[in-house]
Amino acid sequence: MSLLSFPDPSAMALSIRASALVFEDPNSKKLLTRIRLLAPSDVNVLIIGETGTGKELVARHIHALSARRHGPFLAVNCGALSETLIESELFGHEKGAFTGAITTKRGWFEAASGGTLFLDEIGDLPQAMQVKLLRVLQEREVVRVGSHTPIPIDVRLIAATNVKLEEAVLAGRFREDLYYRLNVAALNLLPLRQRPGDIMPLARHFLRFYGQRLGCPETALSPDAEQALLQHSWPGNIRELENVIHHALLIARNRTITPTELNLSTLPLRERQTPAGTAPEDLDRVLESLCEKGGPDLYARIEHALFRAAYRHCNGNQLATARLLGLSRHVVRARLIQYGIVQRNEKELLSNSVKPSPAPSKSRRSLSNSGATPSLADWLTPETAKSEATQDWWGY
Ligand SMILES: Nc1ncnc2c1ncn2[C@@H]1O[C@H](COP(=O)(O)OP(=O)(O)O)[C@@H](O)[C@H]1O
Ligand SMILES: [Mg+2]
């Protein structure tokens, strides 16, 4: 009797998934440029995006563009591993290390040697594992469960998350030091509804891809169907679009897909996918819980997180960050420098015109005489933010 065996899942994923990437929207083109810049270096990358936005595909693309492309690409979903298994899965175990460890086993880090390890849903990693992962990244060696001998590893790590890790850091659920280790370079994948220029190219891409797989004659979308796709909010992002097209091809009776054949979800956008934190009571709740927890430098931590999140949201564009926060660009730049998010340029180094701020509690008038950078409290109200004084104060 012959046994049914499944192919290696990672190899299968690579062969089945579309290798062609669609990046047509101006926002996606910018992202692609950034991916091409980051890929050849060996830095850890953190990919942030809602489910179905293409995080794994982007991770594979980075691997394919890197010097490690001939090595393995292994994808592990941290949320899918039980807390008891995760350590031995990631770092391996020795024979007899625990009940059921009948053989010595290499972990994912060792298996990915010479290649890339993709840790999906990194925000789900239990706290105890976060400490161990940080150690592995710092020392570049793993210790198998049941052993004391470190084994050197040669792996590029790409982590992905669909939750805002900053919020998890602020809430004390994710280690800040690990966050910085992972976040050497961040890629923010926008939801499909924020890159509408990708919808039709992706739809046509999936029509071709699944059309070929299903052996369908060439099929097009009716103008009404195109409109329906463009107007949909896509809570499931690209994965949802892929499924909609696949399904439509299966049930289409002729070569043109009409709106009735599009099985568009009626799921509302999830709460965290709506403009997050805009409800004042949400913000109050978060701030209250942070105050309860206390800890050192609470004010600076919040301000730091705000600037980091805004800057990342704006894909590293300082002007856009300033507009988003309602601050002057100079104020934003000073803060980004102060928090080490950007470096001073040569001119600033020479003139030393951007100075770090003192304690944030002084009034703006007294600050304006002190030569210090204004801080969050000084600019929280829009009137203050837009004030001409901001410019004067900076002497620009
Ligand atoms: N830019 C893209 N071009 C073509 N297909 C894409 C693109 N981004 C994502 N996909 C497809 O959408 C689906 C979801 O992508 P995936 O990387 O699994 O998303 P995530 O990891 O963010 O949930 C996959 O089938 C993938 O092939
Ligand atoms: Mg995924």
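Residues numbered from 1 in each chain as written. Chains lettered and ligands numbered in written order. Predicted model: local features only at pLDDT ≥ 70, side-chain atom pairs only at ≥ 80, totals over all residues.

Around ligand 1 there are 17 residues in total, and Gly54, Lys55, Glu56, Leu57 and Ile238 lie nearest to it. Broken down by secondary-structure element, the contributors of at least two residues to the shell around ligand 1 are α3 (55-64) and α11 (237-251). Among the residues making up the shell around ligand 1, the classes are represented as six nonpolar, six polar and five charged. (Near = placed C-beta within 6 Å. Helix = DSSP H or I, 4+ residues; strand = E, 2+ residues; numbered from the N terminus. Nonpolar A, V, L, I, M, F, W, Y, C, P; charged D, E, K, R; others polar.)

This part takes up the environment of asparagine 183. Position of asparagine 183 among the secondary structure elements: in the loop between α8 (176-182) and β7 (185-189). Residues asparagine 183 and valine 45, spaced 138 residues apart in sequence, show a C-alpha to C-alpha distance of 6.1 Å.

Another point: helix α6 (residues 127-139). An ideal rise of 1.5 Å per residue puts 18 Å on 13 residues; α6 measures up with 19 Å between its terminal C-alpha atoms. Looking one or two residues past α6, arginine 140 carries a phi angle of roughly 55 degrees, positive in sign. (Expected span 1.5 Å × (residues − 1).)

Moving on, we come to the packing of helix α13 (residues 298-313) against helix α14 (residues 318-325). The contact between α13 and α14 brings their axes to 8 Å, and the two run at 120 degrees. If you check the angle between α13 and α14, you find them oblique. For the element pair α13 and α14, the recorded crossing hand is right-handed. Of the residues in α14, those in contact with Ala310, Tyr311 and His313 of α13 are Thr321, Leu324 and Leu325. In terms of residue class, the contact of α13 with α14 is built from four nonpolar, two polar and no charged. (Axes fitted to C-alpha atoms, helices over the stretch in contact; angles between N-to-C directions. Parallel < 35°, antiparallel > 145°, perpendicular 65-115°, else oblique. Left-handed = near helix turned anticlockwise from the far one by under 90°. Contact = placed C-beta atoms within 7 Å.)

Bringing the sheet that holds β7 into the picture now. Strands sit in the order β2-β3-β6-β1-β7 across an open sheet of five strands; the sheet is parallel. Two strands close off the open sheet at either side, each with one partner strand: β2 (73-77) and β7. Here the average twist between neighbouring strands, direction ignored, is 20 degrees. For strand β1 (residues 45-49) and β7, the ladder comprises five bridges, and the chain directions are parallel. Bridge pairing in β7 places leucine 46 opposite alanine 186. (Pairing = 2+ DSSP bridges.)

We note that glutamate 121 has phi near 50 degrees; this positive angle belongs to a residue other than glycine. Looking at the secondary structure, you find glutamate 121 in the loop between β3 (116-120) and α6.

Of note, alanine 160 is situated in strand β6 (residues 156-161). Put simply, alanine 160 and glutamate 121 are 39 residues apart on the chain and 5.6 Å apart in space, counted from C-alpha to C-alpha. When sequence neighbours within four positions are dropped, the list of residues in contact with alanine 160 reads Ile47, Lys55, Ala59, Phe118, Asp120 and Ile122.

Counting residues in hydrophobic clusters, the biggest one holds 45 residues, and the most contacted among them are Ile47, Phe109, Leu117, Phe118, Leu119, Ile158 and Ala159. Ranked by size, the runner-up nonpolar core spans 17 residues in total, among them Leu192, Phe206, Trp234 and Ile245. (Core = buried A, V, L, I, M, F, W, Y, C linked by C-beta atoms within 7 Å. Buried ≥ 20, exposed ≤ 12 C-beta atoms within 10 Å, placed from the backbone.)

This brings us to the pairing of β6. Counted residue by residue, β6 has six buried out of six residues, so it is predominantly covered. With burial as the criterion, each face of β6 is covered, one bearing Arg156, Ile158 and Ala160 and the other bearing Leu157, Ala159 and Thr161. Sheet analysis places β1 next to β6, joined by four bridges and oriented parallel. Considered in β6, the bridge of isoleucine 48 is made with threonine 161. Here β3 pairs with β6 via four bridges, running parallel. In the sheet register, phenylalanine 118 faces β6, and the bridge partner there is isoleucine 158.

In this model α11 runs 22 Å from its N-terminal to its C-terminal C-alpha over 15 residues, within 8% of the 21 Å that 1.5 Å per residue would give. Of the positions making up α11, those classed as buried are Asn237, Ile238, Glu240, Leu241, Val244, Ile245 and Ala248. For α11, the buried positions fall inside an angular range of 160 degrees around the axis, keeping them on one side. Structurally, α11 contributes buried residues whose contacts are with α9 (199-214) and β9 (256-257). (Arc of directions from axis to C-beta.)

A separate point is the packing of α9 against α11. Following both chains from N to C, one finds α9 and α11 inclined at 45 degrees, their axes separated by 9 Å at the closest point. With respect to each other, α9 and α11 are oriented oblique. For the pair α9 and α11, the crossing hand works out as right-handed. Contacts between α9 and α11 involve Ile199, Leu202, Ala203, Phe206, Leu207, Tyr210, Gly211 and Leu214 from the former and Ile238, Leu241, Glu242, Ile245, His246 and Leu249 from the latter. In terms of residue class, the contact of α9 with α11 is built from 11 nonpolar, two polar and one charged.

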